[in-house]
Amino acid sequence: MKAGVIGAGAWGTALAQLLASDGQDVALWALEPDVVGAINGVHENPLYLPSIPLSPSIRATGDMADMAACDLLLVVSPAQHLRSVVRQAPAGVPLLLCSKGIEAGTSLLMSQVAQQAQPTAPIAVLSGPTFAHEVARGLPTAITLACEDVSLGQRLAARIARPSFRPYLSDDVIGAEIGGAVKNVLAIACGVAEGAGLGLNARAALISRGFAEMTRFGLARGARAETLGGLSGLGDLVLTCSSTNSRNFSLGKGLGEGARAADLLSNRRTVAEGAHTAPVLRDAARAAGVEMPVVEAVCALLADAAPLGTVIDALLARPLRPE
Ligand SMILES: NC(=O)C1=CN([C@@H]2O[C@H](COP(=O)(O)OP(=O)(O)OC[C@H]3O[C@@H](n4cnc5c(N)ncnc54)[C@H](O)[C@@H]3O)[C@@H](O)[C@H]2O)C=CC1
Ligand SMILES: O=C(CO)COP(=O)(O)O
């Protein structure tokens, strides 16, 4: 039996490369026939992970029926497509969910969506500070693997661990998912600060106060504080808020430089999950009575609802309060 990866964007391709790094066969389902052709033909994914030679043990397919030969499936589609791809997956196979986001329309986390789409599949979540191109190059990386079934979590961790890739176990699935979803929105805010030239003090303030928002929201949804302070929360927040390697940070940088969100988002091939998560998160937070002013500010900019200067001034003019 072999592992399979569903979704051949940057992260799915990098995870397939990681799994194949010890020579084992890996099946990789890709949406685009061009991607299937390039991976099988020249062992590259020029569309989503250019300049990385891929292992010949990775076999790409566009036919989901081929994934029935796998005894573990990593699901790596954009969050808003997770329901439709999981529905097509073979039934009953353990699913390791690697997407970061909250589903629009339902406010459900990815594990809850997957449970609805494949009720018999055991489910775990993989989330943390992991730029795809670094993992694909074998650079040292640590990540949270969360699973309510501790013994399944241990087996999955052993299955995906590699000399430079260390999964840390948790049974707090909701906490791991909330960290990964919320940090994408906060990365947009930090990108705005960069693009608008607000300085590094502003970035540090956004990371700290953003983390306070993540924690308030997470605790309200049943997450544990130590998960939010771990790799999948604070760890990923720091990574994504610090580099233009992040698509979310880059999107925010463009907004901070004065571009309109609609222009930045139109015709892009790669996903900036924070743009989809932000309004869903804002509405869920409001419904739960959780204050998230940084998330609200990002939503205002994404919706082009107020000029940048007004949004920044409003954040700074909030009433003084205890930390
Ligand atoms: N790129 C990274 O470094 C990391 C990404 N992630 C997460 O992994 C998930 C996937 O992101 P990437 O691999 O970076 O994607 P990407 O931005 O590199 O590629 C876009 C992906 O969306 C897929 N797609 C487009 N339309 C679709 C549809 N209608 N149905 C199904 N799939 C469709 C494409 O086939 C492609 O796989 C996201 O939730 C992201 O937050 C998590 C950790 C690291
Ligand atoms: O999730 C990521 C790193 O952990 C990738 O971040 P971006 O989606 O912002 O590029």
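What you see is a predicted model; the values in this text were computed from it and never measured.

### A word on the pattern of salt bridges
Link 1 in the chain: Enumeration according to the criterion identifies 15 salt bridges in this entry.
Link 2 in the chain: Note that Asp 71 is salt-bridged to Arg 159, the shortest N-O span being 2.8 Å. With Asp 71 in strand E4 (residues 70–75) and Arg 159 in helix H6 (residues 150–160), the pair connects residues that are 88 residues apart, well separated along the chain.
Link 3 in the chain: Across the pair Asp 171 and Arg 224 runs a salt bridge whose closest N-O atoms are separated by 3.0 Å.

### Brief notes about the UniProt feature "binding site: NADPH" (unreviewed entry) in the chain
Link 1 in the chain: Under the feature "binding site: NADPH" (unreviewed entry), the UniProt entry names Trp 11, Tyr 48, Lys 100, Ala 132, Arg 247, Val 271 and Glu 273. Of the annotated positions named here, the largest cavity is lined by Lys 100.
Link 2 in the chain: Along the polypeptide, Glu 273 turns up in helix H13 (residues 273–288).
Link 3 in the chain: Judged by relative accessible area, Glu 273 falls into the buried class, the value being 7%.
Link 4 in the chain: Apart from residues lying up to four places away in sequence, Glu 273 is in contact with Pro 78, Ala 79, Lys 100, Asn 184 and Asn 248.

### Concerning empty space enclosed by the protein
If a probe the size of a water molecule is rolled over the atoms, the empty space left behind becomes visible.
Link 1 in the chain: Applying the stated rule across the entire model yields 1 cavity of 30 Å³ or more.
Link 2 in the chain: In terms of lining residues, the largest cavity is bounded by Leu 97, Ser 99, Lys 100, Met 110, Val 125, Ser 127, Ala 176, Glu 177, Gly 180 and Ala 181.
Link 3 in the chain: Taken together, the elements giving at least two residues each to the lining of the largest cavity come down to strand E6 (123–127) and helix H7 (173–195).
Link 4 in the chain: The biggest single contributor to the lining of the largest cavity is H7, with 4 residues.
Link 5 in the chain: Taken together, the residues that form the lining of the largest cavity break down as 5 nonpolar, 3 polar and 2 charged.
Link 6 in the chain: There are two domains that each give the lining of the largest cavity at least three residues, and those are domain 1 (2–171) and domain 2 (174–316).

### Some words on the domain arrangement of the chain
Link 1 in the chain: Per the domain assignment, the segments of the chain are domain 1 (2–171) and domain 2 (174–316).
Link 2 in the chain: Between domain 1 and domain 2, the C-alpha centre-to-centre distance is 25 Å.
Link 3 in the chain: If you look at the interface, domain 1 gives 29 residues, while domain 2 gives 28 residues.
Link 4 in the chain: Summed over the three residues of domain 1 that lose the most area to domain 2, namely Lys 100, Ile 102 and Phe 131, the buried surface amounts to 27% of that side.
Link 5 in the chain: Taken together, domain 1 and domain 2 are joined by 2 salt bridges.
Link 6 in the chain: A salt bridge links Lys 100 to Asp 236; its shortest N-O distance comes to 2.6 Å.
Link 7 in the chain: Counting every contact that joins domain 1 to domain 2 gives 7 residue pairs in polar contact (both at pLDDT 80 or more).

### Some points on the packing of H7 against helix H8 (residues 200–220)
Link 1 in the chain: It is at 10 Å that the axes of H7 and H8 come closest, and there the two elements cross at 155 degrees. With respect to H8, the element H7 is oriented roughly antiparallel. Handedness of the crossing formed by H7 with H8: right-handed. Side by side, H7 and H8 meet where Ile 178, Gly 179, Val 182, Lys 183, Leu 186, Ala 189, Cys 190, Ala 193 and Glu 194 of the first sit next to Arg 203, Leu 206, Ile 207, Gly 210, Phe 211, Met 214, Phe 217 and Gly 218 of the second.
Link 2 in the chain: Here the contact of H7 with H8 is composed, by residue class, of 11 nonpolar, 3 polar and 3 charged.

Procedures and definitions
- Residues numbered from 1 in each chain as written.
- Chains lettered and ligands numbered in written order.
- Predicted model: local features only at pLDDT ≥ 70, side-chain atom pairs only at ≥ 80, totals over all residues.
- Heavy atoms only, no water.
- Salt bridge = Lys/Arg side-chain N within 4 Å of Asp/Glu carboxyl O.
- Helix = DSSP H or I, 4+ residues; strand = E, 2+ residues; numbered from the N terminus.
- UniProt positions renumbered as here; feature names shortened; annotations may be inferred.
- 1 Å grid on protein atoms, 1.4 Å probe; cavity = no way out; pocket = protein on both sides within 12 Å on 5 of 7 lines; lining within 4 Å.
- Buried < 20%, exposed > 50% of the residue type's maximum accessible area, 1.4 Å probe, protein only.
- Contact = heavy atoms within 4.5 Å.
- Points joined across faces, edges and corners; volume = space filled by probe spheres on them.
- Nonpolar A, V, L, I, M, F, W, Y, C, P; charged D, E, K, R; others polar.
- Domains from an automatic or database assignment.
- Buried area = accessible area lost by both parts, 1.4 Å probe.
- Polar contact = N/O pair within 3.5 Å; in protein donor to acceptor, adjacent residues only side chain to side chain.
- Axes fitted to C-alpha atoms, helices over the stretch in contact; angles between N-to-C directions.
- Parallel < 35°, antiparallel > 145°, perpendicular 65-115°, else oblique.
- Left-handed = near helix turned anticlockwise from the far one by under 90°.

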